[in-house]
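Observations on the three-dimensional arrangement
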Amino acid sequence: MYYGADYYPEHWPEERWPTDAEMMAEAGLNLVRLAEFAWTRLEPEPERFDFAWLDRAIEHLAARGIRVVLGTPTAAPPAWLVRQHPEVLRVRADGRRVHFGHRRNVCLVSPVYRSCAERIVRAMATHYRDHPSVIGWQIDNEFGCHDSARCYCEACQGAFREWLAARYGSLEALNRAWGTDFWSHTYRAWEEIPLPFADALPANPGLALDYRRFASDANVAFQRLQVDILRELCPSHFVTHNFMANGFQELNYYDLARDLDFVSWDNYPDLRRSDPAQLAFNHTCIRGWKGANFWVMEEESGAPGTTVISPNPRPGDIRLWSYQAIAHGADAIVYFRWRTCTFGAEQYWHGILDHDGRPRRRYYEVQRMGRELQRIGAQIVGSEVNAQVALIFDWDTAFAFQIQANNPAFDYFEHLKRYFVAFHRRNVPVDIIPWSADLRRYRLVLAPALYVLSPDAAARLRAYVEKGGTVLFDVRTGAKDVYNRVAEGPLPGLVADLCGVTVDEYDSLPPDVTVPLVFDTPIVSTQKLLAHTWCEVLAPQGAKVLVRYGGQYYAGQPAVTLNTYGKGRAVYVGTIANPPAYERLVDELLSSTGVQPLLDTPPGVEVTARWQGQKRLLFVLNHTNAPQSMSLPGEFHDLLSGQPLSGTAVLPPKEVWVLV
Ligand code: GLA
Ligand code: ZN
């Protein structure tokens, strides 16, 4: 298993490099990522390349058996490039061009920038194609970060018009799709079509959605430009990119993942004081973008910080977060970063080593795990998470909700997370999938808030239910067509008959209002079950009522229904509820679909499984600061301690079992 660090030899005197390599090897590291921000060092002036320093750094690493992932440096252009071609700088939604002096400040559509990027990538690939230490590439760095997903420059304006012409074929089709009769927006020439600049009023929703799609495609195309070069020159190397999570929803990540060998991502738990379920959700999303295992290319190994400094990872956190990533399908852990830099905008973003480069607590924790992985890593790599429950994430829907949230408190990711958290609490694995995935391998498919509903998506879900599957839909399903126009028929639009229900009215609630929910089956829960944010008053057309509202003018009216259709069932949840209500709903879904939790554990103890054929590895992680006791169903062997475990067993705080 690869276990490594992001390393910036260019930040340190060359005399230090052998010490770094030696300390890395001592910590069990066998991989570094290099050079993703070193463009000016690699191409000090146009078309003059210098790889000698990087070659020497790699030699020290190679001498210790450490392999290399090279980053292509296109997230931060050299000053000479911007001086020569100021038009490569990105334009923001308010029309202002950004300045040099940060990163992610360029337009990925700009022909000049694309050709400069092509040149440096080609030069690097040519130089390193046969290097025995180099195993793969990370393209660019965090596409879309720092609000860079969409650019509003002239090059983008032109490219958008071409993209629209290809999509719609004619202006008549475009005018019809967007409904340009509204406010006299009808276009008679492609040159008349504007960009959706930030203004006092929002742009036409059809234009706004297409611009998000276009901009996402532009990022994917910029990545593909580099992928193609690397595939051509370095056929034996892998190609990846470091994605983001925590609600980042500016780029279609299924599309971005498609051209890569695997997805990587950057995990900074302390940034948002993330709870274990949030972290689990992040890993699950990342695994979902390609439907496969992934790498963590930047794992927090010290306090994050730029102007102010976040809390330190507590003793045990770094190792626990790393095992949690592995538990959810990570096949490699790479820490950000080897050593905290003394200069630059991130001089307070701490790595494994502090500024002084001496080994301390965090180094020894990384080392402990490094030695463990040297023993057990090979048994884990490549094994798969096999979930029976799927959660559909749809990027058109995400984009459309960004354009119109419907309720100020609504966020698509946060909403999907409500379901995820309830399954996570029960230790039931969930996959994030697109609606176009093969649904047959799942016993239960959740499709919450599938707002932009295409006829294709509706047909697939219908076929799945007909053949015996269970699908859950909820608020705003089918409210929009693919042009971001509101559906004409009664909601939930194309799946109304599948759900056996129509939405009579919807009520968008202010932040402080809750509505009691009354389940039709007797409630064992002592907690109040409450709706908030959004209430749809449902009119069953054959569906059975599961839950009713207990307040507002719709007291007594249906809130959740269940319909049998073909050999399967469709649940419709017409509201957004508090966590106990989701837990209760999830318990009903688990028992009716026969999906079993992996293990029953106390709160704060997470369980996942990875499978190698029939062989199961059970990861049990104690995220709490107290020992946790649980009863194990059978005889187990913990790979980490080498000890047998059975009956009632106690997992110490922040500790991990890997059970077979
Ligand atoms: C991101 C980037 C890194 C670095 C870290 C810490 O994840 O990819 O280059 O900036 O954050 O800020
Ligand atoms: Zn642009």
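Quick look at the structure, then. Since we're looking at a predicted model, the values are computed, not measured.

**Digging into the packing of helix α11 (residues 317-327) against helix α12 (residues 361-380)**
Packing of α11 against α12 brings their axes to within 9 Å, and their N-to-C directions diverge by 25°. Between α11 and α12, the crossing angle belongs to the class labelled roughly parallel. α12 is crossed by α11, and the crossing has right-handed handedness. Here α11 contributes Asp317, Ile318, Arg319, Ser322, Tyr323 and Ile326 to the contact with α12, which in turn contributes Arg362, Glu365, Val366, Arg368, Met369, Glu372, Leu373 and Ile380. Here the residues of the contact of α11 with α12 are counted per class, giving seven nonpolar, one polar and six charged.

**Things to note about the environment of Asp199**
With respect to the element layout, Asp199 can be found in the loop between α7 (171-178) and α8 (205-233). On a C-alpha basis, the gap between Asp199 and Arg339 in space is 44 Å, while along the polypeptide they are 140 residues apart.

**Thoughts on unusual backbone geometry**
Following Phe336, the chain continues to Arg337 via a peptide bond in cis, the omega torsion being -10°. Tracing the chain through its elements places Arg337 in the loop between β9 (330-336) and α12. Cis rather than trans, the peptide bond between Leu491 and Pro492 has omega equal to 0°. Among the structural elements, Pro492 can be located in the loop between β13 (470-474) and α16 (496-499).

**Details of α12**
With 20 residues, α12 should reach 28 Å at 1.5 Å per residue; the first-to-last C-alpha distance of 26 Å fits that figure. Buried residues of α12: Arg362, Tyr363, Glu365, Val366, Gln367, Met369, Gly370, Glu372, Leu373, Ile376, Gly377 and Ile380, and no others.

**Quick look at the packing of aromatic side chains**
In the structure shown here, the tally under the stated rule is 47 aromatic pairs. With a centroid separation of 5.8 Å and 65° between ring planes, the pair formed by Tyr253 and Trp289 is classed as edge-to-face. In this pair, Tyr253 sits in helix α9 (residues 253-258) while Trp289 sits in helix α10 (residues 276-290), placing the two residues 36 residues apart along the sequence. Above the plane of the ring of Trp12 lies Arg339, whose end atom (NZ or CZ) is 3.6 Å from the centre. Sitting over the ring of Tyr506, Arg476 keeps its end group 4.7 Å from the ring centre.

**Some remarks on the packing of α10 against helix α14 (residues 412-425)**
At a minimum axis distance of 10 Å, the contact between α10 and α14 shows a crossing angle of 110°. On the basis of the axis angle, α10 is roughly perpendicular to α14. Every residue of α14 that contacts α10 at Pro276, Ala277, Gln278, Ala280, Phe281, Thr284, Cys285 and Trp289 is listed here: Phe413, Glu414, Leu416, Lys417, Phe420, Val421 and His424. Looking at the contact of α10 with α14 residue by residue, the classes come out as ten nonpolar, three polar and two charged.

**Some words on the coordination of the zinc ion (ligand 2)**
Every protein donor of the zinc ion (ligand 2) is listed here as Cys107 (SG), Cys151 (SG), Cys153 (SG) and Cys156 (SG), and their distances to the metal cover 2.3 Å. One way to put it: the four donor atoms around the zinc ion (ligand 2) meet at angles of 101 to 117°, and that makes the site tetrahedral. Relative accessible area serves as the criterion here: at 0%, Cys107 is assigned to the buried category. Classification of Cys151 by relative accessible area gives buried; the value is 7%.

Analysis parameters
- In this numbering scheme, every chain counts its residues from 1 along its sequence in written order.
- Each chain takes a letter, starting from A, and each ligand takes a number, starting from 1, following the order in which they are written.
- With the structure being a predicted model, the display of local features is reserved for residues of pLDDT at least 70 and the display and counting of side-chain atom pairs for 80 or more, all residues being used for whole-chain, interface and lining totals.
- To obtain the side-chain values, all non-hydrogen atoms of the structure were used and water was disregarded.
- Axes here refer to lines fitted to C-alpha atoms; in helices the fit is confined to the stretch in contact. Angles between the N-to-C directions go from 0 to 180 degrees.
- What counts as a helix is a DSSP run of H or I of at least four residues, what counts as a strand is a run of E of at least two, and both are numbered from the N terminus.
- To sort the angles, those under 35 degrees are grouped as roughly parallel, those over 145 as roughly antiparallel, those from 65 to 115 as roughly perpendicular, and the leftovers as oblique.
- Left-handed describes a crossing whose near helix is turned anticlockwise from the far helix through less than a right angle; right-handed describes the clockwise counterpart.
- By definition, residues are in contact when any of their heavy atoms lie within 4.5 Å.
- Any residue outside Ala, Val, Leu, Ile, Met, Phe, Trp, Tyr, Cys, Pro, Asp, Glu, Lys and Arg is labelled polar, Gly included; the first ten of those are nonpolar and the last four are charged.
- Given the number of residues in a helix, its expected span is that number minus one, multiplied by 1.5 Å.
- Relative accessibility thresholds used throughout: buried, under 20% of the residue-type maximum; exposed, over 50%; partly exposed, between the two (1.4 Å probe, protein chains only).
- A pair of aromatic rings is counted whenever rings of Phe, Tyr or Trp (Trp by its six-membered ring) have centres within 6.5 Å, and the orientation is called stacked for planes under 30 degrees apart, edge-to-face for over 60 and tilted otherwise.
- The criterion for a charge sitting over a ring is simple: Lys NZ or Arg CZ within 6 Å of the ring centre, and within 35 degrees of the ring normal.
- Metal donors were taken as nitrogen, oxygen and sulfur atoms no farther than 2.8 Å from the ion, or 3.2 Å where the ion is Na, K or Ca. Water is excluded, so coordination may look unfinished.
- All geometry calls rest on donor angles, where a four-donor set with angles between 85 and 135 degrees is tetrahedral, four- and six-donor sets with opposite donors more than 155 degrees apart and all others between 65 and 115 are square planar and octahedral, and all else is irregular.

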